[in-house]
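Summary of the model geometry
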Amino acid sequence: MLKLLRPAVTRVLTPLARALVSRGVGPNAVTALGTLGTVAAALFFYPQGLLFTGTLVITFFVLADLLDGVMARMTGPGSTWGAFLDSTLDRVGDAAIFSGLAVWLALEGEWVPAAVALFCLVSGALVSYVKARAEGLGMTCDVGLAERPERLVVGLVSAGLSGLGVPYILPAGLWLLAAASAVTIGQRLLHVRRQAVALPPRTLH
Ligand SMILES: CCCCCCCC/C=C\CCCCCCCC(=O)OC[C@H](COP(=O)(O)OP(=O)(O)OC[C@H]1O[C@@H](n2ccc(N)nc2=O)[C@H](O)[C@@H]1O)OC(=O)CCCCCCC/C=C\CCCCCCCC
Ligand SMILES: O=P([O-])([O-])O[C@@H]1[C@@H](O)[C@H](O)[C@@H](O)[C@H](O)[C@@H]1O
Ligand SMILES: [Mg+2]
Ligand SMILES: [Mg+2]
């Protein structure tokens, strides 16, 4: 759903992307720096309970994931290594965000929300894995309620609001995300199954 915003976000980020490219900065550097910043911020601020500051800093760095694609499209057709690096490092950033939240919740003795945060981490990774495996087998899997932008928006907004003192918002956001991720896994499995049953049998090696 949020991917509908991609053209608008691309327009906003284009001047920044052009400035970076003209200074010799490549998309892979932005991908790596965005992940480094996300991981450092999530593991530094969240476990201390600095949820609002952490969310602002993470949001800044996570937007690099949009910027790297704009830069790649600007500089050519995009590279296979860049596409691989982008998807792989996204998993690292997501893991840091949800484990940072889980550590904070566990330190507060909020064991159930901490477990839900870990479920969000694992189910989010599984959502992406199903798509990557389907694409590796020559199918498509561009469907689902909670794709990465939705997962990040729900996770970051609920963490940010919790940091501002809104009660119950973080557990509520995590439960919502856990349910939406589970539904998305189901939607993707069905989508892949429909394509897979129509394909000829695979030769096994
Ligand atoms: C000056 C900065 C201004 C910034 C303005 C922007 C404001 C936008 C704010 C929020 C937007 C939220 C909506 C986001 C819509 C996203 C649409 C979308 O589909 O995004 C997908 C992205 C990136 O996905 P991906 O990495 O797959 O795509 P790319 O475009 O990068 O392209 C990949 C291809 O490019 C090639 N390539 C890439 C890299 C590379 N090195 N080499 C390459 O060759 C290759 O071919 C690739 O295949 O989405 C994301 O996942 C990022 C989502 C960002 C979500 C932001 C969440 C923030 C939300 C809330 C925070 C609230 C904080 C405050 C809380 C307090 C509460 C009051
Ligand atoms: O599968 P999903 O996690 O919702 O979303 C995916 C991203 O997380 C991944 O990093 C990107 O490279 C894929 O193209 C896809 O958009
Ligand atoms: Mg990207
Ligand atoms: Mg990405």
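What you are looking at is a predicted structure, and each value in this text was computed from that prediction instead of being measured. (Residues numbered from 1 in each chain as written. Chains lettered and ligands numbered in written order. Predicted model: local features only at pLDDT ≥ 70, side-chain atom pairs only at ≥ 80, totals over all residues. Heavy atoms only, no water.)

Next up on the list: the pattern of salt bridges. Under the criterion given, the structure shown has eight salt bridges. Where Glu-147 meets Lys-3, a salt bridge forms, and the shortest distance between an N and an O atom there is 2.8 Å. Of this pair, Glu-147 sits in the loop between helix H6 (111–136) and helix H7 (148–163) while Lys-3 is found in the segment before helix H1 (6–22), placing the two residues 144 residues apart along the sequence. Classification of Glu-147 by relative accessible area gives buried; the value is 8%. For Lys-3, a relative accessible area of 36% corresponds to the partly exposed category. As a salt-bridge pair, Arg-91 and Asp-94 come within 3.5 Å of each other at their nearest N and O atoms. Taken together, the residues Arg-91 and Asp-94, both in helix H5 (residues 80–107) and three residues apart, mark about one turn of the helix. For Asp-94, a relative accessible area of 11% puts it in the buried group. (Salt bridge = Lys/Arg side-chain N within 4 Å of Asp/Glu carboxyl O. Helix = DSSP H or I, 4+ residues; strand = E, 2+ residues; numbered from the N terminus. Buried < 20%, exposed > 50% of the residue type's maximum accessible area, 1.4 Å probe, protein only.)

Glancing now at the packing of aromatic side chains. Applying the stated criterion across every chain yields a total of three aromatic pairs. On the numbers, 5.0 Å between centres and 85° between planes, the contact of Phe-44 with Phe-45 is edge-to-face. (Phe/Tyr/Trp six-rings, centres within 6.5 Å; stacked < 30°, edge-to-face > 60°.)

Attention now moves to the UniProt feature "binding site: Mg(2+) 1" (unreviewed entry) in the protein. UniProt marks Asp-65, Asp-68 and Asp-86 with the feature "binding site: Mg(2+) 1" (unreviewed entry), using the numbering shown here. The greatest C-alpha distance among the residues just named is 8.2 Å, despite their covering 22 residues of sequence, which places them together in space. Those annotated residues that line the largest cavity are Asp-65, Asp-68 and Asp-86. With respect to the helices and strands, the residue Asp-65 is situated in helix H4 (residues 64–75). Note on Asp-65: relative accessible area 23%, which makes it partly exposed. Those residues within four positions of Asp-65 in sequence are excluded, and the remaining contacts are Asp-86, Asp-90 and Arg-148. Among the structural elements, Asp-86 can be located in helix H5. When its relative accessible area of 17% is taken as the criterion, Asp-86 is described as buried. (UniProt positions renumbered as here; feature names shortened; annotations may be inferred. 1 Å grid on protein atoms, 1.4 Å probe; cavity = no way out; pocket = protein on both sides within 12 Å on 5 of 7 lines; lining within 4 Å. Contact = heavy atoms within 4.5 Å.)

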